[in-house]
Amino acid sequence: MDLLIFQVPILMVQASLDGALLGILFALIAYGMALQWGVMNIINIAQGEMVILGGYIAYTMYVMGIHPAYGVIVSPIIMYFIGWLLYKLVINRVVDRDLFISILATFGISILTQQLMNFIFGADVVVAQSNFGTTLLFDDMVTLPNAKIFSALIGIIFAIGLVLYMKKSKLGRAIRATSQNARAAKILGIDTERVYAATFGINAALCGVAGALISITFTLHPYVGLPYTVRSFMIVIIAGLGNLPGVALSGMGLGVFEEFSDYILGTEFRIGSVFTLLVLILVYRRFRLSRKREYLE
Amino acid sequence: MKRNNLILYGALLVFGLLAPFLFPAFKLQISFMWILVILALTWDVQGGQMGYNTFGNILFFGIGMYICASTQIGLFFPLEEWTASGGEKTFLHTPSQYFLGLSAGLVLAGIVPVVVAALIGYGILGLRGHYFAICTLGLGIAAGELAGGIEIIGAGQGMTAPPWPKGIGDTEFRSEFFYFLTFITMLATFTFLRWAYQRRFGLVLNAIRDNEDKAEAMGIHTMRYKILGWMVSAFFVGIAGGLVGNMVGYIEPTEIAFAGATYGVFMILMAILGGKGTLWGPVIGAMVFHIFKEGFWTFFLGWQYVALGVLIVVIVIFFPEGIMGWLREKFPERFGEVVDEADRKAQVVLK
């Protein structure tokens, strides 16, 4: 236990700002999770690995001498096709099946992806330097790397763009129709198979954007995917499917919680506190619902 | 039918008893096979019989491992100095101390997970479906991360289990000793579950799997049985954890104790491979999986986990009924199902 944060209150400002900026990225990943969950009724454990893979694409560009910020454009394009391929190979066989099958199958994909990334990119912790500099606030008491501000802005732009796309475009309408009633959508002539593939691809592309942003603001490592999956799952169950402001808010809330637990408990408990929070939230909701003789399902 | 079963049981028992002498080089491997059988059998109590797909039974495995080693050490020496000294064996157990510590440790490794399961069961088992799966997944990983921050059990560096005491037998004797310990634990698990499944307990678990709301409406206290089932699993998994800790000799929080990516997935995969919801399925699945793993792992040198990932996807997608499910479809008579030939011919394959 380290109570420095209470002795120096300015650290709270620092932690809150850090957390909120980080939380926007979490919300972006969670939005993809909510999309595929709502449309295809699939929980993708490999979500975090797709984020990390997207990050490694940006990192590869950085190694090749291109500024990693361009990864925001390149990585989603590549990830879209990877997601589409993944759908054609595996996911289309688990869409209509028991949910546990999809959880376990994507868990297998997650292990596979971790190992492949470990072979290709090595087991070292890497970071792509963006050289954006830092912003100092409150008499230099609060330092904010510009990369974080940049990534939050880009995250917001992508989220707004996606929301508009889902509202206005033909494919967006088809996706929403399929999520409301896949059977009726099929009867009305929507190729649901294509819609599913596109949904999974869009989700992967969102993960790609988030990953590219994480590669310049944080660190990448082949085995840190699962916490991102759990975070996005947590955000979705707090906010509910299809509740966008809720996703953004709970994403930022989670980011702030993590930064505070970082300061108070120490960095070694950061991941542990995320997973503990997941268990606590689920159990809390279970008790709330059991009063009405209902349960989470 | 009955006689065939007796022959099967007898053959397996004889194999189990003779294996360390027939295949002395594979003693350790076969002991690990029995451990995997225990894990698959106990996972099946939730995943197969009760329909609660848990990722979190590894929690009890890790708790059992840490509790067993800590008891073995803490009974005679200061635990803190032991873990601080790391690999250097500054303290040595005498034989009597060792066996006293081991038996106390294994007993506690069974009891403490049971208590933990009873305490958290009411909260966790109220969740259903994928919420339960994700919650237990979080539980297992959270436990590993938290154990990695506790200093007295060695934090992230891990701790060593007590080494075999000098003066009684060599390493051969040690592995034989642990072989029979795992074999007896496996037999106890199997016999207990076989006994329990034939009682009301097994029926209630199946009723929960088939329709929990209806089971509750019939007046069954489903929550009690769910917790009871989890406690049964926790007991045997905890003991298995204590044994593995001693066999490996080194306990690390996320790779060995709360190893979600190895034992945690293995137990699910083995039960599904063998056929979940059957008594023999997990046993067969664990044996097949272990033989495959040990036989082919070396070919994939470095690529084992890639192979594991592919294996999970393939088994789950193409083989979800498992070996027992496949056998049941092939030879329904052997499973006591009455097959009406005319009826079977009249069946149309629905697409």
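These numbers were taken from a predicted model, which means no experiment stands behind them.

Thoughts on the overall build of chain B
Link 1 in the chain: Helices and strands together make up the secondary structure of chain B, namely 16 helices and 2 strands.
Link 2 in the chain: Its C-alpha radius of gyration of 21 Å places chain B within 12% of the 20 Å reference for a compact globule of 351 residues.
Link 3 in the chain: If one aligns the C-alpha atoms of chain B with their principal axes, the spans along those axes are about 75 × 45 × 40 Å.
Link 4 in the chain: Residue burial in chain B is summarised as follows: out of 351 residues, 47% are buried.

Things to note about the overall build of chain A
Link 1 in the chain: Secondary structure summary: chain A contains 12 helices and 2 strands in total.
Link 2 in the chain: Counting helices and strands in the order they occur from the N terminus, chain A gives α-α-α-α-α-β-β-α-α-α-α-α-α-α.
Link 3 in the chain: Considered along the principal axes of its C-alpha atoms, chain A spans approximately 65 × 55 × 35 Å.
Link 4 in the chain: Within the span of chain A, comprising 297 residues, buried residues form 50% of the whole.
Link 5 in the chain: Intrachain contacts of chain A at a sequence separation of at least 6 include 76% that bridge at least 24 residues.

Regarding helix H9 (residues 192-217) of chain A
Link 1 in the chain: The terminal C-alpha atoms of H9(A), which comprises 26 residues, lie 37 Å apart, in line with the 38 Å expected from a rise of 1.5 Å per residue.
Link 2 in the chain: Counting buried positions along H9(A) yields 23 of 26 residues, so the element is predominantly enclosed.

Observations concerning the interface of chain A and chain B
By a frequent convention, interface size equals the accessible area lost on bringing the separate parts together.
Link 1 in the chain: Between chain A and chain B, the residue contacts involve 35 residues of the former and 32 residues of the latter.
Link 2 in the chain: Among the secondary structure elements, those contributing two or more residues to the side of chain A that touches chain B are helix H5 (99-121), helix H10 (225-239) and helix H12 (270-290) of chain A.
Link 3 in the chain: With 13 residues, the single largest contributor to the side of chain A that touches chain B is H5(A).
Link 4 in the chain: Of the residues assigned to the side of chain A that touches chain B, the class counts are 26 nonpolar, 5 polar and 4 charged.

Regarding the nonpolar core
Among soluble globular proteins, nonpolar side chains are generally buried collectively.
Link 1 in the chain: Residues Ile29(A), Leu36(B), Leu39(B) and Ile312(B) are the most contacted members of the largest nonpolar core, which totals 195 residues.
Link 2 in the chain: For this core, the element with the most residues is helix H2 (residues 10-40) of chain A, which contributes 17 residues.
Link 3 in the chain: Leave out the neighbours within four places in its chain, and Leu36(B) touches Phe266(B), Met270(B), Ala286(B), Phe289(B) and His290(B).

Looking at the packing of helix H12 (residues 263-274) of chain B against helix H14 (residues 304-318) of chain B
Residue and element names in this part refer to chain B.
Link 1 in the chain: Where H12 contacts H14, the axes come no closer than 10 Å and their chain directions differ by 35 degrees. Classified by chirality, the crossing of H14 by H12 is left-handed. Residues Val265, Leu269, Ile272 and Leu273 of H12 pack against Ile312, Ile315 and Val316 of H14.
Link 2 in the chain: For the contact of H12 with H14, the per-class residue count stands at 7 nonpolar, no polar and no charged.

Brief notes about unusual backbone geometry
Link 1 in the chain: The backbone of Asn41(A) sits at a positive phi, close to 55 degrees, despite the residue not being glycine.
Link 2 in the chain: Tracing the chain through its elements places Asn41(A) in the loop between H2 and helix H3 (47-63).

Remarks on the environment of Ala40(B)
Link 1 in the chain: Mapped onto the elements, Ala40(B) comes out in helix H2 (residues 27-50).
Link 2 in the chain: Other than its neighbours up to four places away in sequence, Ala40(B) contacts Met267(B), Met270(B), Ala271(B), Gly274(B), Pro282(B), Gly285(B) and Ala286(B).

Remarks on the packing of helix H4 (residues 71-89) of chain A against H9(A)
Each packed pair of helices is defined by two parameters, the angle between the axes and the distance between the axes.
Residues and elements named next belong to chain A.
Link 1 in the chain: Contact geometry for H4 and H9: axes closest at 7 Å, N-to-C directions at 145 degrees. Crossing of H4 over H9 shows right-handed handedness.
Link 2 in the chain: A per-class count over the contact of H4 with H9 returns 18 nonpolar, 8 polar and 1 charged.

Thoughts on H12(A)
Link 1 in the chain: The terminal C-alpha atoms of H12(A) lie 30 Å apart, and with 21 residues this matches the ideal 30 Å at 1.5 Å per residue to within 8%.
Link 2 in the chain: Along H12(A), the positions that sit buried rather than exposed are Ile271(A), Gly272(A), Ser273(A), Val274(A), Phe275(A), Leu278(A), Val279(A), Leu282(A) and Arg286(A).
Link 3 in the chain: In this fold, the buried residues of H12(A) make contact with H10 and helix H11 (244-265) of chain A together with helix H5 (95-124) and helix H6 (129-147) of chain B.

Side note on the environment of Ile120(B)
All names here are of chain B.
Link 1 in the chain: Considering the arrangement of structural elements, one finds Ile120 in helix H5.
Link 2 in the chain: The class of Ile120 is partly exposed, set by 19 C-beta atoms lying within 10 Å.
Link 3 in the chain: Ile120 sits 107 residues away from Ile227 along the chain, and the two C-alpha atoms are 8.9 Å apart.

Some words on the environment of Phe318(B)
Link 1 in the chain: Structurally, the position occupied by Phe318(B) is in helix H14.
Link 2 in the chain: Spatially, the C-alpha atoms of Phe318(B) and Leu127(B) are 28 Å apart, while their sequence positions differ by 191 residues.

Re the confidence of the model for chain B
Link 1 in the chain: Residue-level pLDDT values for chain B average 84, and 95% of them are 70 or greater.
Link 2 in the chain: Scoring the predicted complex yields pTM 0.87 and, for the interface, ipTM 0.84.

A few points about the confidence of the model for chain A
Link 1 in the chain: Confidence in the prediction for chain A averages 86 pLDDT; 97% of positions are at 70 or higher.
Link 2 in the chain: Here helix H1 (residues 4-7) of chain A stands out as the element of chain A with the lowest mean pLDDT, 70, in contrast to H9(A), whose mean of 91 is the highest.

Calculation criteria
Per chain, residues are indexed from 1 in the order of the written sequence. Chain A is the first chain written and ligand 1 is the first ligand written, with later ones labelled in order. The predicted origin of the model limits local features to residues at a pLDDT of at least 70 and limits the giving and counting of side-chain atom pairs to 80 or more, whereas totals for whole chains, interfaces and linings rest on all residues. To qualify as a helix, a DSSP run of H or I must reach at least 4 residues; to qualify as a strand, a run of E must reach at least 2; elements of each kind are numbered from the N terminus. Here the globule rule reads 2.2 Å times residues to the power 0.38, and the radius of gyration is calculated from C-alpha atoms. For every residue, the other C-beta atoms within 10 Å of its own C-beta are counted; 20 or more classify it as buried, 12 or fewer as exposed, and values in between as partly exposed. C-beta atoms are placed from the backbone. Here, residue contact means that the backbone-derived C-beta atoms of the two residues sit within 7 Å. Expected helix span is computed as 1.5 Å times (number of residues minus one). Lys, Arg, Asp and Glu make up the charged group, whereas Ala, Val, Leu, Ile, Met, Phe, Trp, Tyr, Cys and Pro make up the nonpolar group; the residues left over, Gly among them, are polar. Under the definition applied here, buried Ala, Val, Leu, Ile, Met, Phe, Trp, Tyr and Cys residues are grouped into a nonpolar core through C-beta atoms within 7 Å. Here an angle of 0 to 180 degrees is reported between the N-to-C directions of two axes, which are lines fitted to C-alpha atoms, with helices fitted over the stretch in contact. Definitions for this section: a left-handed crossing has its near helix turned counterclockwise from the far helix by less than a right angle. A right-handed crossing has that turn clockwise. Summary of the metric used: pLDDT quantifies the predictor's per-residue confidence within the range 0 to 100.

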